[in-house]
Amino acid sequence: MLHRLYLPWQTADDIPALEEDPFRTPDELYALLGEAGHKITWTETVTARMPAPDDATPPHIPEATPMLTTRRTTDADGPVLALEETRLSASETQLAYAIAPTRAGRSVR
């Protein structure tokens with residue numbers, strides 16, 4: 001698995017603890033964003049493709065095996081505050097999402 005967490009400069013500039021040390025775990029980042037008054041939401045996308053040679057090395061994806069890439073954007077009714085990207089071997093990964101009903105009976109992710 002390969003996991004990366006990207007922060008825009010603006011996010012780090014707006015939160016003193018991130019400006020001092022932007023290298024945080026996702027849990028630490030979400031706590032700091034909440035403490036700063038952001039009501040955060042996430043949007044996650046998942047794509048699958050055959051990895052390029054450079055893609056297969058860090059997450060150790062076997063040859064001829066598809067790779068799943070998940071990208072989670074963190075925002076708070078405005079610009080993106082963070083982007084997480086995870087790359088995984090599709091043969092060893094199962095994704096599960098909780099889905100809750102809405103008032104109109106349609107599901108929301």
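So, a few notes on the structure that sits alongside this text. (Residues numbered from 1 in each chain as written. Predicted model: local features only at pLDDT ≥ 70, side-chain atom pairs only at ≥ 80, totals over all residues. Heavy atoms only, no water.)

Remember that side chains alternate between the two faces of the sheet whenever the strand is regular. As defined by bridge partners, strand 2 (residues 41-49) adjoins strand 3 (residues 67-75) across 9 bridges and the pair is classed as antiparallel. When the sheet's bridge partners are listed, Thr41 is paired in strand 3 with Asp75. Pairing geometry for strand 3 and strand 4 (residues 80-89), over 9 bridges, is antiparallel. In the sheet register, Arg72 faces strand 4, and the bridge partner there is Glu84. (Pairing = 2+ DSSP bridges. Helix = DSSP H or I, 4+ residues; strand = E, 2+ residues; numbered from the N terminus.)

The next subject is the pattern of salt bridges. Under the defined criterion, the tally for this structure stands at 5 salt bridges. The partner of Glu85 in a salt bridge is Arg87, with the nearest N and O atoms 3.2 Å apart. Using a relative accessible area of 7% as the deciding quantity, one classes Glu85 as buried. For Arg87, a relative accessible area of 14% corresponds to the buried category. By sharing partners, the salt bridges in this structure join Glu44, Arg72 and Glu84 into a single network. (Salt bridge = Lys/Arg side-chain N within 4 Å of Asp/Glu carboxyl O. Buried < 20%, exposed > 50% of the residue type's maximum accessible area, 1.4 Å probe, protein only.)

Let us look at the side chain of Ser89. Inspection of the secondary structure assignment puts Ser89 in strand 4. Taking the relative accessible area as the measure of exposure, Ser89 reaches 8% and is therefore buried. Leave out the neighbours within four places in its chain, and Ser89 touches Ile61, Pro62, Thr65 and Pro66. (Contact = heavy atoms within 4.5 Å.)

Here we take up the nonpolar core. For soluble globular proteins, the rule of thumb is that nonpolar side chains tend to be buried together. Membership of the largest hydrophobic core is limited to 10 residues, which are Ala12, Ile15, Leu18, Leu29, Tyr30, Leu32, Leu33, Ile40, Leu81 and Ala82. When contributions to this core are tallied by element, the ones reaching two or more residues are helix 3 (26-35) and strand 4. The biggest single contributor to this core is helix 3, with 4 residues. With near-sequence residues (within four places) excluded, Ile15 lies in contact with Leu32, Leu33, Ala36 and His38. (Core = buried A, V, L, I, M, F, W, Y, C linked by side-chain atoms within 4.5 Å.)

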